[in-house]
Amino acid sequence: QVQLVESGGGLVQAGDSLRLSCAASGRTFSSYTMGWFRQVPGKEREFVGRMRWNTGSTFYADSVKGRFTISRDVAKNTVYLQMNSLKPEDTAVYYCAADPTGRWPGVLPSGYDYWGQGTQVTVSS
């Protein structure tokens, strides 16, 4: 069973940086796509970015491109979301997700089979 555990959320001011971690366990993730999504109350879960585990290739939503970066530590089975120049509109619960099939482009929540519990990010103005 795949388990994803996020950490690193918190309260920051606009312009600050924050790094989220997603520790994955239970499988070999070499063929997986790892995604990051976010959600605010009353809205649908929104795609943030994703990474192909084996190649490290990434793809980002336009709203975060140039500010957010996804990386991984293969030895630790951990994926990171580095968030820079944070804005109040980035406030949300952030989730990591895993897709065993590595589907392209991996922007829909329905394409992911495994989810973490989420971590709150709050950006004050």
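Please refer to the structure higher up on the page.
Residues numbered from 1 in each chain as written. Predicted model: local features only at pLDDT ≥ 70, side-chain atom pairs only at ≥ 80, totals over all residues. Heavy atoms only, no water.

Moving on, we come to the environment of Glu 6. With respect to the helices and strands, Glu 6 occurs in strand β1 (residues 3-7). Note: C-alpha distance between Glu 6 and Leu 20 (14 residues apart in sequence) is 6.9 Å. Non-local contacts of Glu 6, meaning those with residues more than four positions away in its chain, are made with Ser 21, Cys 22, Trp 36, Tyr 94, Tyr 95, Cys 96, Gly 116, Gln 117, Gly 118 and Thr 119. Polar contacts involving the side chain of Glu 6 include one to the main-chain amide nitrogen of Gln 117, which spans 2.9 Å. In this structure the side chain of Glu 6 is engaged in a polar contact, spanning 2.7 Å, whose partner is the backbone nitrogen of Gly 118. (Helix = DSSP H or I, 4+ residues; strand = E, 2+ residues; numbered from the N terminus. Contact = heavy atoms within 4.5 Å. Polar contact = N/O pair within 3.5 Å; in protein donor to acceptor, adjacent residues only side chain to side chain.)

This paragraph deals with the pattern of salt bridges. Going through the model one piece at a time under the given rule, you end up with five salt bridges. Ionic pairing is found between Arg 38 and Glu 46, a salt bridge with its closest N-O pair at 2.8 Å. Taking the relative accessible area as the measure of exposure, Arg 38 reaches 5% and is therefore buried. We classify Glu 46 as partly exposed; its relative accessible area is 34%. Between Asp 99 and Arg 103 there is a salt bridge; the shortest N-O distance is 3.2 Å. Among the residues examined, Asp 99 registers a relative accessible area of 1% and is labelled buried. For Arg 103, a relative accessible area of 39% translates into the label partly exposed. A cluster of three or more residues bridged by salt bridges with shared partners is formed by Arg 38, Glu 46, Arg 67 and Asp 90. (Salt bridge = Lys/Arg side-chain N within 4 Å of Asp/Glu carboxyl O. Buried < 20%, exposed > 50% of the residue type's maximum accessible area, 1.4 Å probe, protein only.)

Counting 34 residues, the largest nonpolar core has Leu 4, Met 34, Trp 36, Phe 68, Leu 81, Met 83 and Tyr 94 as the members making the most contacts within it. At five residues, strand β9 (residues 92-99) tops the list of elements feeding residues into this core. Aside from chain neighbours lying at most four places away, what touches Leu 81 is Leu 18, Arg 19, Leu 20, Trp 36, Val 48, Phe 68, Thr 69, Ile 70 and Tyr 94. (Core = buried A, V, L, I, M, F, W, Y, C linked by side-chain atoms within 4.5 Å.)

Another aspect to go through is the sheet that holds β1. If you trace the four strands from one edge of the open sheet to the other, you get β1-β3-β8-β7, paired in antiparallel fashion. A strand with exactly one partner marks an edge of an open sheet, and here the two such strands are β1 and β7 (68-73). The mean inter-strand angle of the sheet, taken between neighbouring strand axes irrespective of direction, is 20°. Inspection of the sheet shows β1 paired to strand β3 (residues 18-25) by five bridges, in the antiparallel sense. Bridging across to β3, Leu 4 finds its partner in Ala 24. (Pairing = 2+ DSSP bridges. Axes fitted to C-alpha atoms, helices over the stretch in contact; angles between N-to-C directions.)

Further remarks concern the packing of aromatic side chains. If you walk through the whole model with that rule in mind, you get eight aromatic pairs. Relative to Tyr 32, the ring of Phe 29 lies with its centre 4.9 Å away and its plane at 75°, an arrangement referred to as edge-to-face. Taking relative accessible area as the criterion, Tyr 32 reaches 5% and is therefore assigned buried. Aromatic side chains Phe 37 and Phe 47 sit 5.7 Å apart centroid to centroid with 70° between the ring planes, which places their arrangement in the edge-to-face category. Here Phe 37 is found in strand β4 (residues 33-39), whereas its partner Phe 47 is found in strand β5 (residues 46-52), with ten residues between them in sequence. Classification of Phe 47 as buried rests on a relative accessible area of 10%. Three or more aromatic residues link up through ring pairs in this structure, and these residues are Phe 37, Phe 47, Phe 59, Tyr 95, Tyr 112 and Trp 115. Directly above the aromatic system of Tyr 80 lies the positively charged group of Arg 19, at a separation of 4.1 Å from the ring centroid. (Phe/Tyr/Trp six-rings, centres within 6.5 Å; stacked < 30°, edge-to-face > 60°. Lys NZ or Arg CZ within 6 Å of the ring centre and 35° of its normal.)

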